[in-house]
Amino acid sequence: METALHLQRYLGARNFCEGRTRLEAKPSNELLFIGRGNSSLRLSPWRKDCTAIGVSHRIIAGSDSPRRRPRKGQTSRPNVPASKGLVPKSRVGTSTQKREKSDNEHRKKPAQTKVGSGDDRDIEYAPGKYLERRVHIENEVDSIVLRSQMLGALINDETEGNGRITGTDDDVTETPTPERFFESKKDEVDGSLFINKHLDVVRSDTEDEAEGVRLTRQLFGGVKSDETEEDGRASFVGGTLSTRRKSLNVVKNDSEKSRTFAETDKHIEKTGKEKPELLYHRETSLPHEPEMEEYSVKKLELNVVMHRRVLENLAEENFSRGYKMFVYPQVVKPGQKIEFFLNRSLSTLKDERDVLIMGAFNDWRWKQFTIRLKKTNLNGDWWYCRLYVPKEAYKINFVFFNGGDVYDNNDNKDFFKYVEGGMDAMAFEDFLLGEKRKKLERLAAEQAERERQAEEEQRKVAERAARKADKAQARMEVGKRREAERQLMKAAVRSVDNVWYIEPYQYKGGDLVIRLFYNRGSGPLVHANQLWIHGGHNNWNDGVSITGRLVHSARTDADWWYVDVVLPDRAVILDWVIADGPPKNAYVYDNNHLQDFHAIVPKRIPEELYWFEEENKIYNKLQEERRLKEVAIHIKAERTERMKSETKSRTIQKILLSQKHIFYTEPVDVQAGSTMTVFYNPSRTVLNGKPEVWFRGSFNHWTHRNGPLPPQRMLPTYGGSLVKATVKVPLDAHTMNFVFSESEDGGIYDNKNGMDYHVPVFGGVAKEPPMHIVHVAVEMAPIAKVGGLGDVVTSLSRAVQDLGHNVDIILPKYDCLNLSNVKGFQFSWSYHWGGTEIKVWYGKVEGLSVYFLEPQNGLFWTGCVYGCGNDAERFGFFCHAALEFLLQGGWNPDILHCHDWSSAPVAWLFKDHYMNCGLSRARVVFTIHNLEFGAEFIGKAMAFSDKATTVSGTYSKEVSGNPAIAPHLHKFHGILNGIDPDIWDPYNDKFIPISYTSENVVEGKRAAKEALQQKLGLKRAEVPLVGIITRLTVQKGIHLIKHAIWRTLERNGQVVLLGSAPDPSIQNDFVNLASHLHSTHGDRVRLCLTYDEPLSHLIYAGADFILVPSIFEPCGLTQLTAMRYGSIPVVRKTGGLYDTVFDVDHDSERAQAQSLEINGFSFDGADNEGVDYALNRAITAWYDCRNWFNSLCKTVMEQDWSWNRPALDYMELYHAARK
């Protein structure tokens, strides 16, 4: 039977405390081990009459009891471990307090003194009893001054050659570092169990003992080497000092050794009266005062004897009850040193020479230790060691062993001892999480530093390569220039008869100056009133760098004019023409019949030196240009990342605030380790009118280690319909998940239609574990894009991957793939299925891993994505092959995401053939991009999928009555699509003339409009420009598009249309319309009936409005891209168009409810009047309210229509599918 005793005092001290007091003992489960004694232990009779030695008490003195002030020199030790020994040395400059009152004054006043810390008890002394002295002996062994150091009976200490006493190396086993012992279990912060047998040896024991001996030696005034025992050792045996002293007799006779406390007090009072200053300067004075030295020695001896007898009594009592071990002190607290005692004769180690203790703290999860036990001089076969208990400990787990394979592990239950007054298990978990956070921060900092160093190394490599390239380019340019000048030198002369000549040069102030003469009558300037030189040098290397007006010469043989020219330092050839005016104001030139004039200039430096310097000049220029370019790129990249980060932060805030009508949290940004409050409005949910609302939640998608939180009844708030609940957020939370119910037992739930409510948690030590998502699709932008499906597959995958999850895409390998956008395209492996070999190719597309399946039966060697008569057969085969690829490849993803009718077969093929055959972990998510095609396949996929979505909330409502959808509304959700902000980014768009953001949107769009007008041959005019980018199908409202073109022209605007029709009849219709419009309104309209990606970017940037008059639109990306570029959308209210465009005149409240702002113009109906209503308001605003219109462009640019929010919504859906 397991048992333990929690004693209010320690067993023992019978000889010192008889007749003092009575104490009680109560059962406790602090130290549990198997023993042979009676579990119903009672204290022996003598113990009822003994006061405690070595335990903290609160002593209350009677009226006639002497009142003692704290004994001089006894200062309580701080509750922190010293670096050496058990007791820190007193700090220099400190002292005990003076005794200010006499003993008579002390005796007159009763006093109550609290001694120690821990579970104190009141010990009443009856009147007449004489309290000899106040015994201040702490429960914690390290709180008694020098007491534990004097426990020399348990330790052997050596003296070095110089007489210094140190601990022997034999006391502690030398072992390698813990890493060598822990090959299977490492010391990790996250709390992995330290269960490996081979643990590190704690060496502090011997060091502490050695420090204690050194302190004792200091107090004794020194122990000479010639005063040691015969074997050269000075030891403490049985708690007494066995070292002989000549000058100080530490060990005296029994009568001296048993001096009473009263005698000791009288001695110190006498000493204090005679030498009061000694009490204030104990450290410096003690060695020079024999009386004080002798008193200190006696005090130490007394403590040692007391301590020994306490241990003897504990050993006797435990042995008599068959307990093989005990711990001293019996109440263990953190931050103290304790002693383990083991009776080897009662243990399985009784025949072993070596005894070691191996253990760790907190269920083997913290700070492992291995310590060698030493034989004591206590009666019996008792062995002992000392251990420091860290402040984080709430439990000590340990076993004993012989250093090999013989163990005493408490019958396979291990020994353990609880630690009181410190952390509990939950607090320790939080501590571990805090340590893990520090470790993660350290690892992150180290990783960041490694990345920085790697980037720096890459920069240096690139810089060296750039220098090499620039040197080569400079050398090449110099070679070209040298050859060109060599050719010019052949044609250059010093004069041309009767046309020009140069007088000999001269230096003026260090400059080389020549006088150039020109005969006006020799050329086309014969009638010019002015003559000007436009000159340069070295084949016009620096352009026109010499100008000057010619002056009429005094020569009379011809019409000579001249000008003084200062030659540049590096001029070899002078180049010039003569004109009738200065640069930009000249009309008639004499340029030597288009050959220009060239004259040889005398060289001022050697030719080779000249070209060497020219090469360096070119090189430095190239280096500077490169540096400025790199700086500009770096600044732009930093700003791009900053804008993306700011946009993402704003979006998360808006997500949280957009649900405020149902719930919100305080604070909005929930931090790990903090307390937060959830406010809930049941009146807006299915719990409206319920008398109670209960909060039920957990963390990390209901997978937190602590499990679900207990149901919590939400409390009403003052003055409103809200109720609230307060929750403590653990440090390892990354997401908070919760639902609401009508009662503690459940009843009706509000679980957000099966999606649950979620709140992100910031600053936690745990990150969301990555989920593995596999998309099976037949389109992917930009390598196999037909419609919006391809954009969604790529953009959604990138956004989810950016959240830290693993995303792969499986795509058919069409023979028409645009492989130029695939990086690292290579053959991976092949497998057989369906009677054919299927080759697997791998590559990266937009940073995503893509696996291309190429069946050798030729199903995808058709030159197109769609349009074959057997598309259903082709894509059905592909879906089955994709599942087989996962199975044979050993994959087991979390989510299989299939899209539209073309990959819908994945849903039922997985459930029928693969769910129980190796792909058991996966869940199927199916997304409907357009219900117009493949309704039968879509309906079957709806039945088999775990969750289903469509691409906007409004479209999900519009199709909810469809027979393929209606039976499955419980798992059908609308999640809006987004656009890729890296592809559609006016700040980094290479297809527009200047980069711009919302800060300079007006300038950016003006430049783009001018570039668009020039490119398409439109009149460069400041008029409203309407852009239309679409597939020309009935769904897109082609009849409304035609009407809008004519209406815009009527309002004196311009129209640019980009798009093509898959239907030849529609394509021909628009070809005829384009021919007519170009002939009648050629300067104001242009229809580009093709696909042109660069032109689409320029239209989005240059248009004032983008028209999207779709009859139905599941989501629509055109209006989202338009707003990204600051163009105002004009749309019909349907599907995703309604969810993203908020009319400036009618939708303010609807926008505000979603934490958005008005951003466009919209219309109902599908007729011309509807288009006119929206388009007229838009064009009128452009004409009449230009400032307001410009501010609207800025507003729409700052709205986030990227995948930031949809990606989070899809992650919620994925988690819900797996719940």
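Residues numbered from 1 in each chain as written. Predicted model: local features only at pLDDT ≥ 70, side-chain atom pairs only at ≥ 80, totals over all residues. Heavy atoms only, no water.

A. Representation of the overall build of the protein. Along the protein, the regular secondary structure elements total 27 helices and 54 strands. Burial statistics for the protein: of 1219 residues in total, 52% are counted as buried. For the protein, the proportion of contacts with a sequence separation of at least 24, taken over those separated by at least 6, is 71%. When the accessible area of the protein is evaluated, it comes to approximately 56100 Å², of which 50% is carbon and sulfur surface. (Helix = DSSP H or I, 4+ residues; strand = E, 2+ residues; numbered from the N terminus. Buried < 20%, exposed > 50% of the residue type's maximum accessible area, 1.4 Å probe, protein only. Contact = heavy atoms within 4.5 Å. Areas by Shrake-Rupley, 256 points an atom, 1.4 Å probe, with all protein chains shown as cover.)

B. The arrangement of the side chain of Glu-614 in detail. Mapped onto the elements, Glu-614 comes out in helix α11 (residues 607-658). Apart from residues lying up to four places away in sequence, Glu-614 is in contact with Val-478, Arg-481 and Arg-570.

C. Summary view of the pairing of strand β24 (residues 546-549). Burial of the side chains of β24 is restricted to one face: Ile-546 and Gly-548 are buried, whereas none of Thr-547 and Arg-549 on the reverse face is. Where strand β23 (residues 532-537) meets β24, 4 bridges bridge the pair, whose relative direction is antiparallel. Residue pairing across strands places His-534 opposite Thr-547, the latter belonging to β24. (Pairing = 2+ DSSP bridges.)

D. Highlighting the nonpolar core. In terms of nonpolar packing, the biggest core is built from 76 residues, with Ile-1045, Leu-1057, Phe-1070, Leu-1087, Phe-1105 and Phe-1161 touching the most fellow members. Take this core: its biggest share by element is 7 residues, from helix α25 (residues 1168-1184). Counting residues in hydrophobic clusters, the runner-up holds 63 residues, among them Leu-789, Leu-811, Leu-817 and Phe-926. (Core = buried A, V, L, I, M, F, W, Y, C linked by side-chain atoms within 4.5 Å.)

E. Quick look at the environment of Lys-417. Mapping Lys-417 onto the fold places it in strand β19 (residues 415-418). Residue class for Lys-417 comes out buried when judged on its relative accessible area of 3%.

F. Molecular detail of unusual backbone geometry. With an omega of 0°, the peptide bond between Glu-666 and Pro-667 qualifies as cis. In this structure, Pro-667 sits in the loop between β30 (663-666) and β31 (670-671). Cis rather than trans, the peptide bond between Ala-781 and Pro-782 has omega equal to 0°. Mapped onto the elements, Pro-782 comes out in the loop between β40 (772-776) and α12 (788-802). For Asn-412, which is not glycine, the phi torsion reads 70° and is therefore positive. Backbone geometry places Asn-700, a non-glycine residue, at a positive phi of 55°. Note that Asn-700 resides in the loop between β33 (694-699) and β34 (712-713).

G. Quick peek at the environment of Gly-1136. Mapped onto the fold, Gly-1136 is located in helix α23 (residues 1135-1140). By relative accessible area, Gly-1136 is classed as buried at 0%. When the C-alpha positions of Gly-1136 and Pro-1114 are compared, they lie 5.6 Å apart, and in sequence the two are 22 residues distant. Filtering out sequence-adjacent residues up to four positions away, Gly-1136 remains in contact with Ser-952, Leu-976, Glu-1113, Pro-1114, Cys-1115 and Gln-1119.

H. Here's a closer look at the sheet that holds strand β54 (residues 1161-1163). The sheet built from 6 strands is open, its strands ordered β51-β50-β49-β52-β53-β54 with parallel pairing. Both outer strands of the open sheet, β51 (1085-1088) and β54, are each paired with one neighbouring strand and no more. Neighbour-to-neighbour, the strand axes of this sheet turn through a mean angle of 15°, independent of strand direction. Against the sheet, helix α20 (residues 1064-1080) touches β50 (1054-1058) and β51, its axis set at about 155° to β51. (Axes fitted to C-alpha atoms, helices over the stretch in contact; angles between N-to-C directions.)

I. A look at the side chain of Lys-813. Structurally, Lys-813 can be placed in the loop between β41 (806-812) and β42 (823-833). Using a relative accessible area of 14% as the deciding quantity, one classes Lys-813 as buried. Filtering out sequence-adjacent residues up to four positions away, Lys-813 remains in contact with Phe-825, Trp-841, Phe-852, Leu-853, Glu-854 and Phe-860.

J. Inspection of the environment of Lys-844 at higher detail. Residue position: Lys-844 is located in strand β43 (residues 836-845). With a relative accessible area of 33%, Lys-844 lands in the partly exposed category. The spacing of Lys-844 and Ile-809 is 35 residues in sequence and 10.0 Å in space, taken between C-alpha atoms. If we ignore the near neighbours within four places in the chain, the residues touching Lys-844 are Asn-821, Val-822, Lys-823 and Ser-849.

K. Structural context of the sheet that holds strand β48 (residues 972-974). Read across the open sheet, the 9 strands follow the order β42-β43-β44-β41-β40-β45-β46-β47-β48; overall the sheet is mixed. The sheet is open, and its two edges are formed by β42 and β48, each paired on a single side. Recorded for the sheet is a direction-independent mean angle of 25° between the axes of neighbouring strands. Here helix α16 (residues 935-944) sits on the sheet in contact with β46 (923-928), β47 (947-950) and β48, set at roughly 145° to β46.

L. Representation of the packing of aromatic side chains. This structure, assessed with the given rule, holds 54 aromatic pairs. Where Phe-340 meets Phe-398, the ring centres are 4.9 Å apart and the plane angle is 65°; that geometry is what we call edge-to-face. Here Phe-398 lies in strand β17 (residues 395-401) and Phe-340 lies in strand β12 (residues 337-343), a separation of 58 residues in the sequence. Assigned by exposure class, Phe-340 and Phe-398 land together as buried. Between the aromatic rings of Tyr-501 and Trp-560, the centroid separation amounts to 5.2 Å while the plane-to-plane angle is 70°, which identifies the pairing as edge-to-face. (Phe/Tyr/Trp six-rings, centres within 6.5 Å; stacked < 30°, edge-to-face > 60°.)

M. Looking closely at the pattern of salt bridges. Applying the stated criterion across every chain yields a total of 53 salt bridges. Of the charged contacts, one joins Glu-456 and Arg-459 as a salt bridge, the two residues approaching to 2.6 Å between their closest N and O atoms. Of this pair, Glu-456 and Arg-459 both sit in helix α10 (residues 425-491), separated by 3 residues, roughly a single helical turn. The class for Glu-456 is partly exposed, based on a relative accessible area of 26%. Among the charged side chains, a salt-bridge network with shared partners connects Lys-644, Arg-798, Glu-846, Asp-980 and Asp-982. (Salt bridge = Lys/Arg side-chain N within 4 Å of Asp/Glu carboxyl O.)

N. The arrangement of helix α18 (residues 1001-1016) in detail. With 16 residues, α18 should cover 22 Å at 1.5 Å per step; its first-to-last C-alpha distance of 22 Å lies within 8% of that length. Taken as a whole, α18 has its buried residues at Val-1001, Gly-1004, Lys-1005, Ala-1007, Ala-1008, Lys-1009, Leu-1012, Gln-1013 and Leu-1016. On the buried face of α18, the contacting elements are β49 (1025-1029), β50, β51, α21 (1093-1102), α25 and α26 (1186-1198). Looking one or two places after α18, you find Gly-1017, whose phi comes out positive at around 75°. (Expected span 1.5 Å × (residues − 1).)

O. Spatial organisation of the confidence of the model for the protein. Of the residues in the protein, 75% have a pLDDT of 70 or more, and the chain-wide mean is 80. In the predicted structure, residues 1-287 sits below a pLDDT of 50 and forms 603 contacts with residues beyond four places in sequence or in another chain. (pLDDT = per-residue confidence, 0-100.)

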